[in-house]
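Spelled out from the first residue to the last, the chains are:
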Amino acid sequence: MSVYLDHAATTPMVDAAIVAMTKQLGKLGNPSSLHTPGRSARKDIEQAREVLARVVDCAPSEIIFTASGTEANNTALKGLFWKSRAEGKNVVVISAVEHHAIIDPAAWLGEHEGAEVIEIQVNKNGVIDLKQLGDLIKTRGDEIAFISIMHANNETGVIQPIAQVTALAREGSIPVHCDAVQSFGKVSLSFAGLGLSALTLSAHKIGGPLGIGVLVFQRGVEIPALLHGGGQEREIRSGTLNAPAIVAFAAAAQQAIPSSQIASLRDLLIAGIKQAIPDAYINGEGEKLPGIVNATFPGTESDTLLLLLDAQGIAASTGSACSAGVQRPSHVLLAMGHSDKSARSSLRFSLGTQTTREEIEETLNVLPQVIERARAANLR
Amino acid sequence: MRVIAAMSGGVDSAVAAARAVEAGHEVIGVHLALSSNPQKYRSGARGCCTVEDSHDARRAADVVGIPFYIWDMAEEFHEGVVENFLSEYAAGRTPNPCLRCNEKIKFAAVLDRARAMGFDGVVTGHYARTREGANGKTLHRAIDNSKDQSYVLSVLTVEQIAGAIFPLGDTEKVDIRKEAATRGLSVANKPDSHDICFVPSGDNAGWLHERLGSEVGPIVDQDGKEIGQHKGAYTYTIGQRKGLGLSVPTLDGSPRFVLKIEPKTNTVVVGSREELAITTMYGENPVWCGPAVTQTPQEGFVQIRAHGQPLPCTYYLFDNRLVATLQDPLLGLATGQAMAIYDGDRVVGSATVCETKA
Ligand SMILES: Cc1ncc(COP(=O)(O)O)c(C=O)c1O
């Protein structure tokens, strides 16, 4: 039996998205062209834009298509920084648990563009320190170029109090960007309701295709672009639009409804882990995505666990970035107070809409033996 | 059997993995990440373990059709091989890091981990052979003498040899390259790595200077008379002639050679070619690749370098030290090197040279 518990990495495409995409692949027309085929492609894209705008509660003109979530994050962070720097603001505020697609562009701004990057710390449950953020805004609010805090964490599923972040930021009129790649389609999310300036989405985490993202960016505010060219997407993101991927993204987004079935399978998995491996523990208590379980198995190494699980047909992950294929201890778990060692003994299981009860049972079935082997193989 | 194939990203380990699959084993490819700060690209024949090498290993595993993982052994490698290399040099000895890597990493850390995970052994692209005998598996030279790597495997115990599979030992290197090309492995023409993998520049002396300092010390002759200076005794090897920078010539104009390195006083002792000659070597910490050597002298061969000549000798164990008495005197033997004993093409065992006698 093959078990896929890595939906936070990427999801299988849903049928509606496959149908929409393959149909669009057979259509001719550059959406920027003025003739009939061009207008037809444009129409398909604009419909998709409206669907996405409805799902995420923003104006259609606020949707900017990009080639990935990573690109959307880079466009937002660099654009917001360059715009604010011109107004004399150079402090960049992110959290300590962001995805590398935020941490790395922020660090780049620090190294090359004169930004001062300040990280908001998290507590042991992975939730940001609102007091630190509030104090920072009080003391240095007029220096802050932007704040970027993720909605849900990709390793632990922990959800951040974004409404409180925007409330604090509003006092200083500070733009807030939110990386919602993991939460979009899984919990409710409203661009307008949260009072955000910018929001990042990605299709492949919700049953859409790889290589298509969205930056939702507040109307009436313009930022310098990363890519210059044909002036598409409010001149913030030039490049001929990828119509097949865009219509498929919209098709997947329409279907992505927060599901309680995933949460109950997750609870089954957590209960099973705690029962089978008494000293295992779950990382991050509190408000979380329904589909992510991050567990620490003391005395093991995650790469050993991954190999042994893979050999049993179970695809899981550490969720953290690797450099040159080597797992590094997760910066997210370290920020939550883990030691290097316990961070390296942790695994992420992420469930999706296709996950079945049998898959969870199979996982719980092989887990004790896998943990036992991994402990024996841990020679450090 | 279920086996781990250690894949460096080179042609040998790729073909070894392919052959192991064909032999009917269930094979999983593993690339060992040995540097915590790998270089992106490999330059020429230097080093290994770059990001590019791990990519080559992954592509080879794809072509062979086996799962592939990267194991982080950087800590173990640093402690067991790099630090050992430094401390041996600092102690005036000349270590062989490839041998230590086989002893501490490939057939210890990796094999132990593999066994604990339920695998039966480790496949590597070493040029060596094993044979099943009445008393278990024994280690032998490869068919291709110029590529034979049994010397750097002479530190393996019987237990380790039992878990080692060397599919290339019966083939010439040129044929391995041809076979790799036939199998569609893109590494078929990748140059072999030669130098020490963790010294990517290839400049050993410079690398050691950076880490061990460059304290000036005397170069003296056999009578203790200072005839020159050096910048770190550890960068010299016994028998070395070049690079001494001596301005005082010998009476008869004959060249001088390094005879001794004294790390405590940071002194390098030089003398004539004749004074280098030794006939007996003693090795500590012996390891047996088969039945243990006893006090009873045996006729055989000793090899003291990776691709050195086998030298006829009589060997025996005395006071827990491996002793080899040479038929013909040898010029210059550094302590710290391994003395590997052969009985024909079978590797008997090895020890680390700790003392020599004329
Ligand atoms: C939180 C988060 N941000 C950004 C990304 C990057 O998105 P993409 O894969 O579309 O570049 C990911 C996906 O791995 C993610 O989990």
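Residues numbered from 1 in each chain as written. Chains lettered and ligands numbered in written order. Predicted model: local features only at pLDDT ≥ 70, side-chain atom pairs only at ≥ 80, totals over all residues. Heavy atoms only, no water.

Visitor: When you look at the sheet that holds strand S10 (residues 292-296) of chain A in this model, what are you seeing that I'm missing?
Guide: For sheets, the rule is that strands pair by backbone hydrogen bonds, running either parallel or antiparallel. Residue and element names in this part refer to chain A. The strand order across the open sheet formed by 3 strands is S9-S10-S14, and the pairing between neighbours is antiparallel. Whereas interior strands pair on both sides, the edge strands pair on one side only; in this sheet they are strand S9 (281-282) and strand S14 (346-350). Summarising the sheet, S9 and S10 pair through 2 bridges and their orientation is antiparallel. The residue of S10 that forms the bridge with Tyr281 is Thr296. Relative to the sheet, helix H9 (residues 260-276) contacts S9, S10 and S14, its axis offset from that of S10 by approximately 10°. (Pairing = 2+ DSSP bridges. Helix = DSSP H or I, 4+ residues; strand = E, 2+ residues; numbered from the N terminus. Contact = heavy atoms within 4.5 Å. Axes fitted to C-alpha atoms, helices over the stretch in contact; angles between N-to-C directions.)

Visitor: Would you mind going over the pairing of strand S11 (residues 267-271) of chain B with me for this structure?
Guide: Each regular strand displays side chains that alternate between the two surfaces of the sheet. Residues and elements named next belong to chain B. With 5 of 5 residues buried, S11 is to be regarded as a mostly interior element. The alternating pattern of S11 places Thr267, Val269 and Gly271 on one face and Val268 and Val270 on the opposite face, and all of these are buried. Alignment of strand S8 (residues 216-220) against S11, held across 2 bridges, turns out to be parallel. Its bridge partner lying in S11, Val220 is registered against Val269. Bridging between strand S10 (residues 257-262) and S11 involves 5 bridges; their strand directions are antiparallel. (Buried < 20%, exposed > 50% of the residue type's maximum accessible area, 1.4 Å probe, protein only.)

Visitor: Help me understand the pairing of S10 of chain A, please; the structure alone is not making it clear to me.
Guide: Residues and elements named next belong to chain A. For S10, the buried fraction is high: 5 of the 5 residues fall into the buried class. Of the two faces of S10, the one lined by Ile292, Asn294 and Thr296 and the one lined by Val293 and Ala295 are each fully buried. Bridge analysis of S10 against S14 gives 5 bridges, and the strand direction is antiparallel. Within S14, the position partnered with Ile292 by the bridge is Ser350.

Visitor: What exactly am I supposed to notice about the domain arrangement of chain A here?
Guide: Reports of interface size often rely on the accessible area that becomes lost once the parts have come together. Residues and elements named next belong to chain A. Segmenting chain A into domains produces domain 1 (15-253) and domain 2 (258-378). Measuring from the centre of the C-alpha atoms in domain 1 to the corresponding centre in domain 2 gives 28 Å. Across the boundary between the two partners, domain 1 contributes 24 residues, which contact 21 residues of domain 2. Here domain 1 packs against domain 2, burying approximately 1,800 Å² in sum over the two surfaces, 58% of which is carbon and sulfur. (Domains from an automatic or database assignment. Buried area = accessible area lost by both parts, 1.4 Å probe.)

Visitor: Help me out: how do you make sense of unusual backbone geometry in this one?
Guide: Trans peptide bonds make up most of the peptide bonds, and negative phi angles are found at most residues other than glycine. Phi at Glu233 of chain A is positive, roughly 55°, even though this residue is not glycine. With respect to the helices and strands, the residue Glu233 of chain A is situated in the loop between strand S8 (213-217) and helix H8 (243-255). One non-glycine residue, Asn320 of chain B, adopts positive backbone phi at about 60°. The topology assignment puts Asn320 of chain B in the loop between strand S14 (311-318) and strand S15 (321-331). Using a relative accessible area of 55% as the deciding quantity, one classes Asn320 of chain B as exposed.

Visitor: It is not clear to me how the domain arrangement of chain B should be interpreted in this structure. Could you clarify?
Guide: Residue and element names in this part refer to chain B. Along its sequence, chain B is carved into domain 1 (2-125 + 167-189) and domain 2 (214-272). Of note, the centres of domain 1 and domain 2, computed from C-alpha atoms alone, are 39 Å apart. Contacts between the two partners involve 5 residues from domain 1 and, on the opposite side, 4 residues from domain 2. Taken together, the two surfaces of domain 1 and domain 2 that pack against each other cover about 390 Å², and 61% of this comes from carbon and sulfur. When the area that domain 1 buries against domain 2 is broken down by residue, the three leading residues are Tyr89, Gly92 and Thr94, summing to 78%. Inspection of the domain 1/domain 2 interface yields 0 salt bridges. Across the side of domain 1 that touches domain 2, the residue classes break down as 3 nonpolar, 2 polar and no charged. (Salt bridge = Lys/Arg side-chain N within 4 Å of Asp/Glu carboxyl O. Nonpolar A, V, L, I, M, F, W, Y, C, P; charged D, E, K, R; others polar.)

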